[in-house]
Amino acid sequence: MQIPSQESNSSLVESSLNQITYLHSCAITPKIFWENYQKPGKPVVLTGLLEHRPEWNLEFLNDRLGDRKFPVRFYGKERYKQDKGTWQNIGSGVESRSMRFSEYAQKLLNGEADEKDMYLGKCSLKNTPLADLPQINQAQAQIGIKNPVTDFNLWCGLGGHTTCLHCDPFDGTLIQLYGKKKVILFPPDQLYNLYPFSLINHLRYGLKMRASYSRVYPQQPDFALFPKFKEAFSQRLEVVLNEGEILFIPNGWWHEVTSLGEGVVCSINIFWHITPLSRALSSWNKWRIHLASILAAPHILKAWLAAIISQNKEQKLRHLIQRL
Ligand SMILES: O=C(O)CCC(=O)C(=O)O
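Residues numbered from 1 in each chain as written. Predicted model: local features only at pLDDT ≥ 70, side-chain atom pairs only at ≥ 80, totals over all residues.

### What about the overall build of the chain?
Note the following rule: Strands here are runs of E lasting at least two residues and helices are runs of H or I lasting at least four, both read from the DSSP assignment and numbered beginning at the N terminus. Counting other C-beta atoms within 10 Å of a residue's C-beta gives its exposure: the residue is buried at 20 or more, exposed at 12 or fewer, and partly exposed in between, where C-beta atoms are placed from the backbone. Note on contacts: residues are paired as contacts if their backbone-placed C-beta atoms lie within 7 Å.
Across its full length, the chain carries 11 helices and 14 strands. When the backbone C-alpha atoms are referred to their principal axes, the chain occupies close to 60 × 45 × 35 Å. Relative to its full complement of 324 residues, the chain shows a buried share of 38%. Taking all contacts inside the chain whose residues are at least 6 apart in sequence as the whole, residues at least 24 apart take part in 81%.

### Observations regarding the nonpolar core
Our working rule: Buried Ala, Val, Leu, Ile, Met, Phe, Trp, Tyr and Cys residues form a nonpolar core when they are connected through C-beta atoms within 7 Å.
Ranked by size, the top nonpolar core spans 76 residues in total, and within it Leu46, Leu120, Leu194, Leu247 and Cys266 carry the most contacts. Of the residues forming this core, the biggest block, six residues, is contributed by strand β14 (residues 264–272). Those residues within four positions of Leu120 in sequence are excluded, and the remaining contacts are Phe70, Val72, Tyr104, Leu154, Cys156 and Gly157.

### Remarks on the packing of helix α2 (residues 58–65) against helix α3 (residues 101–110)
For clarity, the cut-off: Convention adopted: a line fitted to C-alpha atoms gives each axis, helices being fitted over their contacting stretch, and angles between N-to-C directions are expressed from 0 to 180 degrees. By the definition adopted for this analysis, an angle is roughly parallel if under 35 degrees, roughly antiparallel if over 145, roughly perpendicular if from 65 to 115, and oblique otherwise. Two helices cross in a left-handed way if the nearer one is turned anticlockwise from the farther one by less than a right angle. They cross in a right-handed way if the turn is clockwise.
Orientation of α2 relative to α3, taken along the N-to-C sense of each, is 160°, at an axis distance of 9 Å. The angle between α2 and α3 falls in the class roughly antiparallel. As for the relative orientation of α2 and α3, their crossing is left-handed in sense. Mapping the contact onto sequence places Leu58, Leu61, Asn62 and Leu65 in α2 and Phe101, Ser102, Ala105 and Leu108 in α3.

### Observations concerning the site of the ligand
Operational definition: To decide whether a residue is near a molecule or strand, its C-beta atom is placed from the backbone and checked for lying within 6 Å of it. Polar here means any residue outside two lists: the nonpolar Ala, Val, Leu, Ile, Met, Phe, Trp, Tyr, Cys and Pro, and the charged Asp, Glu, Lys and Arg; Gly therefore counts as polar.
Surrounding the ligand, one finds Gly121, Trp155, Thr163, Asp168, Gly172, Leu174, Lys181, Ile249, His255, Val257, Ser267 and Asn269. Taken together, the residues of the shell around the ligand sort by class into four nonpolar, six polar and two charged.

### Focus on α3
For the record, the criterion: Arc definition: directions from the helix axis to the C-beta atoms.
Burial in α3 covers these residues: Phe101, Tyr104, Ala105 and Leu108. In a view along the axis of α3, the buried residues occupy a sector of 105°, so they form one face of it. With its phi angle positive at about 95°, Gly111 sits one or two positions after the end of α3.

### A closer look at the sheet that holds strand β10 (residues 181–186)
For the record, the criterion: For two strands to be treated as a pair, DSSP must find at least two bridges joining them.
Pairing within the open sheet is antiparallel, and its four strands lie in the order β8-β13-β10-β11. The open sheet terminates on both sides in strands that have one partner only, identified here as β8 (162–166) and β11 (237–241). Strand-to-strand, the axes of this sheet are offset by a mean angle of 15°, without reference to chain direction. Sheet analysis places β10 next to strand β13 (residues 254–259), joined by six bridges and oriented antiparallel. Bridged to Val183 within β13 is Val257.

### Quick notes on unusual backbone geometry
In this model, Thr275 is joined to Pro276 through a cis peptide bond whose omega is 0°. Mapping Pro276 onto the fold places it in the loop between β14 and α8 (277–281). Residue Asp117 is not a glycine yet carries a positive backbone phi of 45°. The phi angle at Tyr195 is positive, at roughly 50°, despite the residue not being glycine. For Tyr195, the location among the structural elements is in the loop between β10 and α6 (201–205).

### Some remarks on the environment of Ala27
Summarising the element assignment, Ala27 is placed in the loop between β2 (20–24) and α1 (30–38). The spatial distance from the C-alpha of Ala27 to the C-alpha of Leu46 is 9.8 Å, given a sequence separation of 19 residues.

### Digging into the confidence of the model for the chain
For clarity, the threshold we go by: Scored from 0 to 100, pLDDT reflects the predictor's confidence in each residue.
Here the chain averages 91 in pLDDT, and 94% of its residues register 70 or above. Contacts for the low-pLDDT stretch residues 1–17, under 50 throughout, to residues beyond four places or in other chains number 24 contacts.

### Topic: the environment of Glu314
Tracing the backbone shows Glu314 in helix α11 (residues 313–323). Classification of Glu314 as exposed rests on a count of 9 C-beta atoms within 10 Å. Along the backbone, Glu314 and Ala211 are 103 residues apart, and their C-alpha atoms lie at a distance of 28 Å.

### What about the pairing of β14?
Regular strands show a simple pattern: their side chains alternate between the two faces of the sheet. β14 sits mainly inside the fold: eight of its nine residues count as buried. Direction of pairing for strand β7 (residues 153–158) relative to β14: antiparallel, over a ladder of six bridges. Considered in β14, the bridge of Gly157 is made with Val265.

Below is the structure:
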């Protein structure tokens, strides 16, 4: 599906692929980003902002993070062959094990990570040698985006891993640093055509199951089981995110992210408070996620109590915060 986007402002240096807009660094100013993308909540791929970055390969990561511990998620190869309706955990709720990055790197190299579909997802880089990233901060200043909700988070695994279809309660920027990722996006108003998990799940499973995840597989659509998905599918945007590119994912835009190729693929992301406030206040996708957290509150409280009496208090609390 190759439909060129209809940008009214022809002075922008843009080209389009599968409807997503590409904006090159020579045309990016805070005003252009704000007017055309942040204010209306429209996804865009920003290119040319990270030309002189280091290569974020496994050697680079292991050198900076080798002795740091992170929760590594074990998805298992069978997961994506199953009906998502049978799952009892999802996203950051899947079983994870804390390990040093050097141990994870070993598993990426020796095939174990591939065999068990292990993924280092949404791991905060706070208090690590990669916490401060001047080039990325400079790129963010050129975009003009402000008020982060989180620190930089690392997402690192092997080609073939999929972070399945979900939406986030904040705006996000996904920064591709090594290898490529395919991202499929759906507009916020397609919420119920994407068959989201019910809010009620949070009463039973806490944050292990999420109403912010969809039951459909966009890469293997089953229109007989999910007939309303046909409409959402016709509105999807697809992008292959290359090294050095930044994808702006506004709040409420559902997205599925697949690492491409066979080797290591690495990105970082960061979440931002939504501006203008009116876009935040009018986002049902956002309020639905906050409502889900309220329903999960007894489970969160229980996990918090377990963490503060545990011997690994600091680590457990860090993992809990990462899940929120
Ligand atoms: O890279 C990934 O696996 C997922 C990233 C993501 O969901 C995000 O940036 O919001």
